Every structure is written in structure tokens, then in C-alpha cells.
Amino acid sequence: MQTILEPRTMQAWADATRARGERIALVPTMGALHEGHVALIAEARRRAKRVVVSIFVNPTQFDRYDDFERYPRTLEDDAARCAAAGVDVIFAPSPRAMYPEGFQTAVEVAALTAPLCGKTRPGHFRGVTTVVTKLFHAVRPHLAVFGEKDWQQLAVVRRMAADLDFGIEIVGVPTVREADGLALSSRNRRLTPDDREAARCLPRALDAGAEMVATGETRPAMIVGRAKMEIASCPRARLEYAEVRDPETLEEVDEVTAPVLLGVAVWVGEVRLIDNRLLAPAEAERESARAARGGSRAGIEPGASEARSPRSGRALDGPPKTMEAERESAQAGRRGPGASEARSAAGPREHWTGPRDR
């Protein structure tokens, strides 16, 4: 395993690897790796000959300086974990290498970034899409692997990759959880013991919403209200949002007649945690079970049926995952709201951009 620090050196490695006909998978991270990241690496290894893990605490996606400063940085431990997982290259550039003096350009996705985390973190997704674009240009991967815990981020990156014709497959991997249901996150290590216990309210809130939908509740307000009750029962937790959204477009839904996304963001102590759950209504679950039984009789593996989007009918194993799927979506007339654009602005930034180097 080797560590590369400069984008041009990374590009040279990628060009040589592609010239040998080897597929490259990228796992973008901000470090402080855990078993959730190991699952992403395993999926990348399954799909490609060479795996690159980027480790870069991106200053442009933080809306608060103190959050950036406190984000855990454990490069030595991360390198050991990557080596054990069979990673070929760690790409660990400095802020100065990624954002040299005079840097002015940003990449921004429109409608998908407006709700949920976008409402309370101005500029966050612009920072994400800009740095991911730069990582794509440096690593030149055939595919990139992201976790579904950051569902909105995954949807935004897929939209950007399709809109800007990157030719990169975006792969989503299900959330890895602790035994008590808490989603693994690099921020978890900042929780005090009391806060770690309190953080269990997030999976309880998602479980409560799922139970309501499974027993026939179709009103989003009632589902959200039940989730909020679980959060409110914990004095150490402060709710930022709990919302039911269309899992593909992230638009609000009036009634749960097909699978929906329940997303939550909660402050526990001084740590912000996010999580989500796909909720399938009882009738959809029954139809899925019937389809599974029918598929088994037809020689299809039992359980192969999947939840479907209420808008497109596509399988819901994450937001739209390939350029082909996105083009089909566009042909169906649903492309407009998520259009992406690259922007250059010499004026002052609208949010903190962080130090130039560390």
C-alpha cells in the first residue's frame, strides 16, 4: 500500500493503472475510519482490481469552525486499517493541495440539496460536491462507494455524476450499526459515555416510525410525531429535524402509499448525528412477500424482490445508482428539479472555507 499526497501524482498513478486495464474504485472518507468504512472498502474490493481510499477533512463542507477543528484526525490508525483491508492507495492531500491560492470554482446541485441537512447547513453540499469532483478528477475511478447513512449526500453525488457525465458508477452500501442500533459514525468517538447512551434515541425513533408504517399508519405527520416523541424522551438530545421524504427526489409526501425515507438529525451533547430508515407500508410489504414467493417458484432467489420508488417504480437500494438509470429518469421528464451546475465566483464565500493548510 502506498500513500499519495499530491493530486498530480494521484492522476499519474490512475493513468498507469487504467493503461493496464485495471478497474479503480474510490472510497472517499474524512478519516477516523471504522467498520462502516471497512464495509465500503470491502464492496470496492469486490467490484474493482484497485482500491483507493481518500482521507481528507474537507474544510469547505463545514459550516462551523469549531466542528472542523474538533473532527477526529487519526491518519496513522486509518492507514493500518486500510492496509489490513487490502487498500492499494491512500490519497491524503493537504487543504493547500486541494484548494491552492486563488481557488474560486464550486460545483453545486440544486433542488436535492435544499431539504433536510441542506436547510440547516448552508454551503455544506456545495463543499461536498466540489471536493468530490476534485477527488474524481484526481483518482479517475471507474466507480465510487458511499454509505447510505448519508442518504442525501449519496443522492446528491449520484445526481451530480449523472448531470455532469462523469462516467463513474456511484455505489451505495447499507449502514453498519452497533449492537444497539446506533449507526457507526466517525463522530461517535466524540460522544461522552452519557451522550453515547443518549444517542440510542436515534435508532429508537427510526424503529418507532417503522413500526407505525408497518401497522398501517399512512400520515407523515403522525409518523414524524412518533419519532419526535422518542427524541424528546431523552433530555440530552436536541432534535434538528425529523422528516418523511420521497427516497428518490427528497420531496415531501402527502401520504405513505409506497416506501418513504424517514430522516433524522439530532444533537447529542455537542455532537450532531444523522440517520435514516426506508419505511415500507404494510401493503407494500405484503406485495413484496408475494413477489418473493412467486420469484422462488420461478427459480428466483427468495427475498430478491425489493421496495420500489413511489415515483419511478425502480428498486430502492439507495437513490438512483447509475447514469443509465438517471437518463431513463430524464426521459420520463423528471430531470429538471435536480439539475447541477458548475459555478465560478470571485466574490466572498457564503460560508467558512477553513484554513489553507494544516
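Summary of the structure given here.

Cut-offs used in this document
For every chain, the first residue of its written sequence is number 1, and the numbers climb from 1 along that sequence. pLDDT decides what is reported in this predicted model: residues at 70 or higher carry local features, side-chain atom pairs at 80 or more are listed and counted, and totals for whole chains, interfaces and linings draw on all residues regardless. Computation of side-chain values covers all heavy atoms of the structure but excludes hydrogens and water. Only centres within 6.5 Å qualify two rings of Phe, Tyr or Trp (six-membered ring in Trp) as a pair; their planes then separate them into stacked at under 30 degrees, edge-to-face at over 60, and tilted for everything else. Numbering goes from the N terminus for both helices and strands, where a helix is a DSSP run of H or I of at least four residues and a strand is a run of E of at least two. Exposure is judged per residue with a 1.4 Å probe applied to protein chains only, and the accessible area is read against the type maximum: over 50% gives exposed, under 20% gives buried, and values in between give partly exposed. Two strands make a pair as long as DSSP finds a minimum of two bridges between them. The working definition used for a salt bridge is a side-chain nitrogen of Lys or Arg within 4 Å of a carboxyl oxygen of Asp or Glu. Axis angles are defined between N-to-C directions and span 0 to 180 degrees, where every axis is a line fitted to C-alpha atoms and, for a helix, only to the segment in contact. Every residue pair with non-hydrogen atoms within 4.5 Å of one another is taken to be in contact. Only protein atoms enter the 1 Å grid, on which a cavity is a set of points fitting a 1.4 Å probe that cannot get out and a pocket is an open set with protein on both sides within 12 Å along at least 5 of 7 lines, lining residues being those with an atom within 4 Å of a point. Grid points are joined across faces, edges and corners, and a volume is the space filled by probe spheres set on the points. Throughout, the term roughly parallel applies to angles under 35 degrees, roughly antiparallel to angles over 145, roughly perpendicular to angles from 65 to 115, and oblique to all others. Each crossing is labelled by how the near helix is turned from the far one, with a counterclockwise turn of less than a right angle marking it left-handed and a clockwise turn marking it right-handed. Here the term charged refers only to Asp, Glu, Lys and Arg, the term nonpolar to Ala, Val, Leu, Ile, Met, Phe, Trp, Tyr, Cys and Pro, and the term polar to all other amino acids, Gly among them.

**Overview of the packing of aromatic side chains**
Next, step 1: Taken as a whole and judged by the stated rule, the model has five aromatic pairs.
Next, step 2: Ring geometry for Phe136 and Phe166: centres 5.4 Å apart, planes at 75°, overall edge-to-face. Placement of the pair is Phe136 in helix H7 (residues 124–139) and Phe166 in the loop between helix H8 (151–163) and strand S7 (169–173), with a sequence separation of 30 residues.
Next, step 3: On the basis of relative accessibility, which here comes to 3%, the residue Phe136 falls in the buried class.
Next, step 4: In textbook terms, an aromatic cluster arises when at least three aromatic residues are bridged by ring pairs, as seen for Phe56, Tyr99 and Phe103.

**A short note on the pairing of strand S9 (residues 260–268)**
Next, step 1: Within S9, nine of the nine residues are buried, which leaves the element mostly enclosed by the surrounding structure.
Next, step 2: Burial of the side chains of S9 extends over both faces: Val260, Leu262, Val264, Val266 and Val268 are buried on one face and Leu261, Gly263, Ala265 and Trp267 on the other.
Next, step 3: As judged from the eight bridges shared by strand S8 (residues 237–245) and S9, these two strands associate in the antiparallel manner. Paired with Tyr241 across the bridge in S9 is Ala265.
Next, step 4: Two strands pair when backbone bridges link them, and S9 and strand S10 (residues 271–279) are joined in this way by nine bridges, in the antiparallel orientation.

**Quick notes on the environment of Pro281**
Next, step 1: Structurally, the position occupied by Pro281 is in the loop between S10 and helix H12 (282–297).
Next, step 2: Sequence-wise, Pro281 and Thr257 are 24 residues apart; in three dimensions their C-alpha atoms are separated by 6.4 Å.

**A look at unusual backbone geometry**
Most peptide bonds adopt trans geometry, and most residues besides glycine take a negative phi value.
Next, step 1: Phi is positive for Ala32, close to 50°, though the residue is something other than glycine.
Next, step 2: Within the fold, Ala32 resides in the loop between strand S2 (24–29) and helix H2 (35–47).
Next, step 3: Overall, the relative accessible area of 0% leaves Ala32 in the buried class.
Next, step 4: Backbone geometry at Leu250 places phi at a positive 65°, although glycine is not the residue there.
Next, step 5: In this fold, Leu250 is placed in the loop between S8 and S9.
Next, step 6: Residue classification places Leu250 among the buried residues on the basis of a relative accessible area of 1%.

**A few points about the pattern of salt bridges**
Next, step 1: Applying the stated criterion across every chain yields a total of 28 salt bridges.
Next, step 2: We note a salt bridge from Arg177 to Asp275, for which the minimum N-O separation is 2.7 Å. With Arg177 in the loop between S7 and helix H9 (193–198) and Asp275 in strand S10, this residue pair connects regions lying 98 residues apart in the sequence.
Next, step 3: Judged by its relative accessible area of 3%, Asp275 is buried.
Next, step 4: By sharing partners, the salt bridges in this structure join Arg20, Glu22, Arg45, Arg50 and Asp88 into a single network.

**Observations concerning the sheet that holds S9**
Next, step 1: Taken together, the three strands give an open sheet; going across it, the order is S8-S9-S10, and neighbouring strands pair in antiparallel fashion. Two strands in the sheet have a free side with no partner beyond their single neighbour: S8 and S10. Each strand axis lies, on average, 15° off the axis of its neighbour in the sheet, ignoring direction.
Next, step 2: Against the sheet, helix H10 (residues 201–214) makes contact with S8, S9 and S10, and its axis sits at roughly 20° relative to S10, the strand it touches most.

**Re the sheet that holds strand S6 (residues 143–147)**
Next, step 1: Pairing within the open sheet is parallel, and its six strands lie in the order S1-S4-S3-S2-S6-S7. Both edges of this open sheet fall to strand S1 (2–4) and S7, since each of them pairs with a single strand only. Averaged over all pairs of adjacent strands, the angle between strand axes in this sheet comes to 25°, irrespective of strand direction.
Next, step 2: Alignment of strand S3 (residues 50–55) against strand S4 (residues 89–91), held across three bridges, turns out to be parallel. Looking across to S4, one finds that Ser54 is bridged to Phe91.
Next, step 3: In the packing of H8 onto the sheet, contacts are made with S6 and S7, and the angle to S7 comes to roughly 170°.

**Re empty space enclosed by the protein**
Any empty space left between atoms is shown by rolling a water-sized probe over those atoms.
Next, step 1: Under the criterion given, the structure shown has four cavities of 30 Å³ or more.
Next, step 2: The volume enclosed by the largest cavity comes to roughly 920 Å³.
Next, step 3: Taken together, 48 residues form the lining of the largest cavity, with Tyr71, Lys149, Asp150, Gln153 and Ile274 sitting closest to its centre.
Next, step 4: When residues of the lining of the largest cavity are traced back to their parent elements, those giving at least two are S2, H2, H7, S6, H8, S9 and S10.
Next, step 5: Element by element, the count of residues in the lining of the largest cavity is highest for H7, at six residues.

**Brief notes about the packing of H7 against H8**
Each packed pair of helices is defined by two parameters, the angle between the axes and the distance between the axes.
Next, step 1: Closest axis-to-axis distance for the H7/H8 pair is 11 Å, and the angle between their directions is 55°. As the angle between them shows, H7 and H8 are arranged oblique. For the pair H7 and H8, the sense of crossing is right-handed. Each of Phe125, Val128, Thr129, Val132, Thr133 and Phe136 in H7 lies in contact with H8, whose residues at this interface are Gln152, Gln153, Val156, Val157 and Met160.
Next, step 2: Tallied by class, residues from the contact of H7 with H8 come to seven nonpolar, four polar and no charged.

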